[in-house]
Amino acid sequence: MNTTLSSPGTTKTRVIVINALFIALTLVATMFINIRLPLMGNGGLIHLGNVPLFIAALVYGKRTGFIAGAFGMGLFDVISGWALWSPFTFVIVGAMGFVVGLISEKVPGKRVVVNSLAIATALIIKVVGYYFAEVILYGNWIQPFGSVPGNIMQVVIAGIIVVPLVGRLKKRAKQ
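These remarks concern the structure in this document.

Quick notes on the rules
Positions within a chain are numbered from 1, following the residues in the order the chain's sequence is written. Local features in this predicted model are restricted to residues whose pLDDT is 70 or higher, and side-chain atom pairs enter the listing and the counts only when it is 80 or higher, whereas totals over whole chains, interfaces and linings include all residues. Computation of side-chain values: all heavy atoms of the structure, hydrogens and water removed. Between 30 and 60 degrees the pair is tilted, below 30 it is stacked and above 60 it is edge-to-face, where a pair is any two Phe, Tyr or Trp rings, Trp via its six-membered ring, whose centres lie within 6.5 Å. Buried means the residue's accessible area, taken with a 1.4 Å probe over protein chains only, is under 20% of the maximum for its type, while exposed means over 50%, and partly exposed covers the values in between. Take the buried Ala, Val, Leu, Ile, Met, Phe, Trp, Tyr and Cys residues and link them wherever side-chain atoms come within 4.5 Å; each set so joined is a nonpolar core. The way it works is that DSSP assigns letters per residue, a run of H or I at least four long becomes a helix, a run of E at least two long becomes a strand, and they are numbered from the N terminus. The salt bridge criterion pairs a side-chain nitrogen of Lys or Arg with a carboxyl oxygen of Asp or Glu, the two atoms within 4 Å.

1. Let's talk about the packing of aromatic side chains
Argument step 1. In total, this model carries 10 aromatic pairs according to the counting rule given.
Argument step 2. Residues Phe-132 and Trp-141 carry aromatic rings whose centres are separated by 6.1 Å and whose planes lie at 85° to one another, so their mutual orientation is edge-to-face.
Argument step 3. Judged by its relative accessible area of 41%, Phe-132 is partly exposed.
Argument step 4. Counting every residue linked through ring pairs, the aromatic cluster contains Trp-85, Phe-88, Tyr-130 and Tyr-138.

2. Some remarks on the nonpolar core
Argument step 1. Within the largest apolar cluster, 30 residues are counted, with the highest numbers of intra-cluster contacts made by Phe-54, Met-96, Val-100 and Val-162.
Argument step 2. At the level of secondary structure, the elements contributing two or more residues to this core comprise helix H1 (8–32), helix H2 (50–60), helix H3 (62–79), helix H4 (86–106), helix H5 (111–138) and helix H6 (148–174).
Argument step 3. Here the element with the most residues in this core is H2; it accounts for eight residues.

3. Section: the pattern of salt bridges
Side-chain pairing between opposite charges can occur once the charged atoms of the two side chains come close.
Argument step 1. Within the structure shown, the criterion is met by one salt bridge.
Argument step 2. Notably, a salt bridge pairs Glu-105 with Lys-62, separated by 3.2 Å at the nearest N-O pair. Of the two residues, Glu-105 is situated in helix H4 and Lys-62 in helix H3; the sequence distance between them amounts to 43 residues.
Argument step 3. Judged by relative accessible area, which is 42%, Glu-105 ranks as partly exposed.
Argument step 4. Lys-62 sits in the partly exposed class, given a relative accessible area of 23%.

Pasting the structure below:
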């Protein structure tokens with residue numbers, strides 16, 4: 001009997017545990033590892049919540065990336081006094097996780113280049129998504145530009161941390 005094969009129940013349980021773990025890691029990294037930038041308007045919040053989000057997407061795929069981003073950062077907004085932002089965060093950051101995972105799964109090529117491309121795409125989603133979210137919330141087309149530097153820094157810093165690590169993490173996750 002081959003003991004390396006999992007039963008269907010164990011596989012579902014493993015997926016649920018991994019998703020819950022990355023929701024929690026994204027929430028904690030967003031909540032406790034952050035700096036608020038003193039810029040105009042919302043100013044931007046620099047946090048490391050994108051690190052577990054990108055790891056989830058690049059190692060476990062688009063579905064886990066979506067779940068970690070949408071629920072992890074959406075929950076942060078709800079419990080941290082930013083509840084008005086939660087629906088926007090759910091969609092924007094969920095889309096970031098999904099697209100990063102999708103690009104990583106589907107695009108052939110050298111993994112470092114593909115993962116960098118995936119994170120660059122997430123950067124575009126974040127900047128554009130939160131720009132329009134702020135336009136909707138503030139009714140102003142100029143003020144949202146104050147959050148763009150923080151959004152860029154968040155994703156770039158997370159990319160610098162994640163891209164070199166994810167190859168090793170992916171190998172270990174397969175074991």
